[in-house]
Amino acid sequence: MLRKIGIVARIALIVTAALFVSQLVVVISYLHGERSPPPPFAIAKRIVAVVRLLDETEIRNREDVLAVSSVSGFQVSVISAMPEGFEDDFSLRRMGVLTQKMIDDLEPGRSVRVGVVSSGEHRRNSSLMTFVVGLKSGEMARFSVSDETTLRVWNLPVGFLAGFFGIVVAIIAVLAVARETRPLAQLARTVDELGNRIEPVQVKERGARELRTLIRAINAMQGRILGLVNNRTLFLGAISHDLKTYLTRFRLRLEMMPAGTHRDKAILDVETMEQLLNDVLLFANESSAGAEAETVELNAAVGTSATEVAPAGDSVHLALSADPLNVRLPRKALRRVIDNLLSNALRYGTHARIRTERRDGMACLIVEDDGPGIEEKDMPFVFEPFFRAEPSRNRSHGGTGLGLAIVRQILDAHGGTITLENGTAGSGLVATVCLPAEGSER
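Below: a short report on this structure. (Residues numbered from 1 in each chain as written. Predicted model: local features only at pLDDT ≥ 70, side-chain atom pairs only at ≥ 80, totals over all residues. Heavy atoms only, no water.)

Observations concerning the packing of helix α8 (residues 298–309) against helix α9 (residues 331–348)
As a reminder of what qualifies: Axis lines are fitted through C-alpha atoms, for helices just across the contact stretch, and the angle between N-to-C directions can take any value from 0 to 180 degrees. In this description a helix means any DSSP run of H or I spanning at least four residues, a strand means any run of E spanning at least two, and both kinds are numbered starting from the N terminus. An angle counts as roughly parallel when it lies under 35 degrees, as roughly antiparallel when it exceeds 145, as roughly perpendicular when it falls between 65 and 115, and as oblique in every other case. Each helix crossing is assigned a hand: it is left-handed if the near helix lies turned anticlockwise from the far helix by less than a right angle, otherwise right-handed if that turn is clockwise. We call two residues contacting when some pair of their heavy atoms lies within 4.5 Å.
Two elements in contact, α8 and α9, have axes separated by 9 Å at closest approach and are oriented at 45°. Viewed along their axes, α8 and α9 adopt a mutual orientation that is oblique. The element α8 and its partner α9 pack so that their crossing is right-handed. For the pair α8 and α9, the contacting residues are Leu298, Ala301, Val302, Thr304, Ser305, Ala306, Glu308 and Val309 in the first and Leu334, Arg335, Ile338, Asp339, Leu342, Ser343 and Leu346 in the second.

Shown next, in the form of structure tokens:
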């Protein structure tokens, strides 16, 4: 499963997993750590504790109690009358009820008021809550409590901002990695295409220094591969030309010999050698830079090939698609694919059935014969050059073992595929060729 995940998705998963683990650690720490009471309860409990302490402390020692009780965000003072500008705030009703209940538990009958202190029409500090609680001495204790119980930035808790910015930074990091790895993904696609085509696919040099160096090396490698293939083609062409010259002379000498069984067999061997040389040269030419692609109508090409391969027409049955199937590749290459498949079908069988259809944006050609088929153990090797399955498909039928190799080479170079399978009735072979159809969205 992980092998199918790209590098960007892997990094995104790593970042997401890291964030999840960090949050999980915080949650576990909270669940198993020391519990602290919720802020409203803690504030009310502290107010009651200070009130009890003030009630039990002599007046001359109150200053010490006030000094100890007053900390940042929690200020205590003793007043004789309600603060000027005090206003009850009903939004703090829950805080007031909670504090009143705890004061009643200490000594019923004391009043607790919660609000804010205003000066004129404007509040001095809307973030300060003011609690006024009566004391035993008849005075009142004033508590000024800030509701900013945690450190805030832009009026938001620091923890929230840390988590939010952590997620934002993670997303930006993933996007940055995706941008940096885009040339690597393009390079991977290009290298994958090298196995299906010979023409160089120049990759634009982008990304980090090491990646640019790798792209430059692969671009140079493509040129060297093309040069090697072209040299091989020239080499085979030269050998084929020279051998054909000698075979022609040999053929002429054989024709001048007296007729007989040995003379006929020798001529047949020469013809077989000539066919083998032609197929080898054709195979080499197809593996080099081919002709320019053009738009070809598959049904018309099938009809033309069927007429030429089987002029009588009684051995070939056509079932062509009613809709036109346009494919893009050299016309001669398509004809070669059809001719090879149809010739194989008639060579190893007596009848062939050809169908064309559209499948998921692909133009497909299906060739079925009534021959002996191919053994399952030979299926992985039938596209190898010079491979001939035994005993049914051998050189006695006139094959050189290059027909299917040439077909697959042509299809690979133009984004096509070919599959072979034995017929459902236990005999015959079904060859299915699919090429990208023009005018279809894939």
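Moving on from the model shown.
Focus on the packing of aromatic side chains
What counts here: We call Phe, Tyr and Trp rings a pair once their centres come within 6.5 Å, taking the six-membered ring for Trp, and we label the pair stacked below 30 degrees between planes, edge-to-face above 60, and tilted otherwise. Accessible area is worked out with a 1.4 Å probe on protein chains only. A residue is then buried under 20% of its type maximum, exposed over 50%, and partly exposed in between. As a reminder, the over-ring test applies to NZ of lysine and CZ of arginine, requiring each to be within 6 Å of the ring centre and within 35 degrees of the ring normal.
The tally for this structure, following the rule as stated, stands at one aromatic pair. Aromatic side chains phenylalanine 74 and phenylalanine 143 sit 5.9 Å apart centroid to centroid with 50° between the ring planes, which places their arrangement in the tilted category. Taken together, the positions of phenylalanine 74 in strand β1 (residues 74–79) and phenylalanine 143 in strand β6 (residues 140–146) put the pair 69 residues apart, joining distant regions of the chain. Accessibility classification places phenylalanine 74 together with phenylalanine 143 in one group, the buried group. Directly above the ring of phenylalanine 74 sits arginine 46, whose terminal nitrogen or CZ lies 4.4 Å from the centroid.

Description of the pairing of strand β5 (residues 128–134)
This is how it is decided: Following DSSP output, two strands are said to pair if at least two bridges run between them.
Across the seven residues of β5, six count as buried, placing the element largely inside the fold. The pairing of β5 with β6 spans seven bridges and is antiparallel. Residue pairing in the sheet places valine 132 in a bridge with arginine 142 of β6. Adjacent in sequence and paired antiparallel, β5 and β6 are bridged by five residues, among which glycine 138 carries a positive phi angle near 90°.

Re the sheet that holds strand β14 (residues 417–422)
Spatial ordering of the open sheet is given by β10-β12-β13-β15-β14, a layout of five strands whose pairing is mixed. Strand pairing shows two members of the sheet lacking a second neighbour, β10 (316–319) and β14, which therefore form its edges. The sheet shows a mean angle of 15° between the axes of neighbouring strands, taken without regard to direction. For strand β13 (residues 362–369) and strand β15 (residues 429–436), the ladder comprises seven bridges, and the chain directions are antiparallel. Note that in β15 the partner of isoleucine 366 across the bridge is threonine 432.

Some thoughts on the environment of leucine 211
Along the chain, the position of leucine 211 falls in helix α6 (residues 209–255). Leucine 211 sits in the buried class, given a relative accessible area of 12%. Along the chain, leucine 211 and proline 183 lie 28 residues apart, while their C-alpha atoms are 8.0 Å from each other. Setting aside its immediate chain neighbours within four residues, leucine 211 contacts Glu180, Pro183, Leu184, Leu187 and Arg206.

Focus: α8
Operational definition: Between the first and last residue of a helix there are one fewer steps than residues, each counted as 1.5 Å, and that sum is the expected span. Arc definition: directions from the helix axis to the C-beta atoms. Counted as a polar contact is a pair of N or O atoms within 3.5 Å, where, for protein atoms, one must be capable of donating a hydrogen and the other of accepting one, and residues adjacent in sequence contribute only when both atoms are in side chains.
Taking 1.5 Å of rise per residue, 12 residues should cover 16 Å, and α8 covers 16 Å from first to last C-alpha, within 8% of that figure. Taken as a whole, α8 has its buried residues at Leu298, Asn299, Ala301, Val302, Ser305 and Ala306. Seen along its axis, α8 keeps its buried residues to an arc of 160°; they face one direction. Along its buried surface, α8 packs onto β9 (294–297), β10, α9, β12 (352–359) and β13. Structurally, the start of α8 carries an N-cap: the backbone nitrogen of asparagine 299 is 3.1 Å from a side-chain oxygen of glutamate 297.

Concerning the pattern of salt bridges
Using the following cut-off: Just to be clear on terms, a salt bridge is a Lys or Arg side-chain nitrogen sitting within 4 Å of an Asp or Glu carboxyl oxygen.
Across all of its chains, the model carries 20 salt bridges by this definition. Across the pair arginine 113 and aspartate 88 runs a salt bridge whose closest N-O atoms are separated by 2.8 Å. Of this pair, arginine 113 sits in strand β3 (residues 112–119) while aspartate 88 is found in strand β2 (residues 86–88), placing the two residues 25 residues apart along the sequence. Salt-bridge contacts for aspartate 105 lead to lysine 101; the nearest nitrogen and oxygen are separated by 3.8 Å. Here aspartate 105 pairs with lysine 101, and both are found in helix α4 (residues 93–106), just four residues apart, close to one helical turn. A relative accessible area of 58% means that aspartate 105 is categorised as exposed. With a relative accessible area of 52%, lysine 101 lands in the exposed category. Among the ionic contacts, a cluster of salt bridges with common partners joins Arg251, Glu255, Arg263, Asp264 and Glu271.

Overview of the state of the cysteines
Each disulfide consists of a covalent bond between the sulfur atoms of two cysteine residues. Let me state the cut-off plainly: The criterion for a disulfide is a pair of cysteine sulfur atoms lying within 2.5 Å.
In the structure shown here, the tally under the stated rule is one disulfide. The disulfide partner of cysteine 364 is cysteine 434, and the S-S distance across this bridge is 2.2 Å. Linking cysteine 364 and cysteine 434, the disulfide has an S-S dihedral of approximately 105° and is accordingly described as right-handed. Of the two residues, cysteine 364 is situated in strand β13 and cysteine 434 in strand β15; the sequence distance between them amounts to 70 residues.

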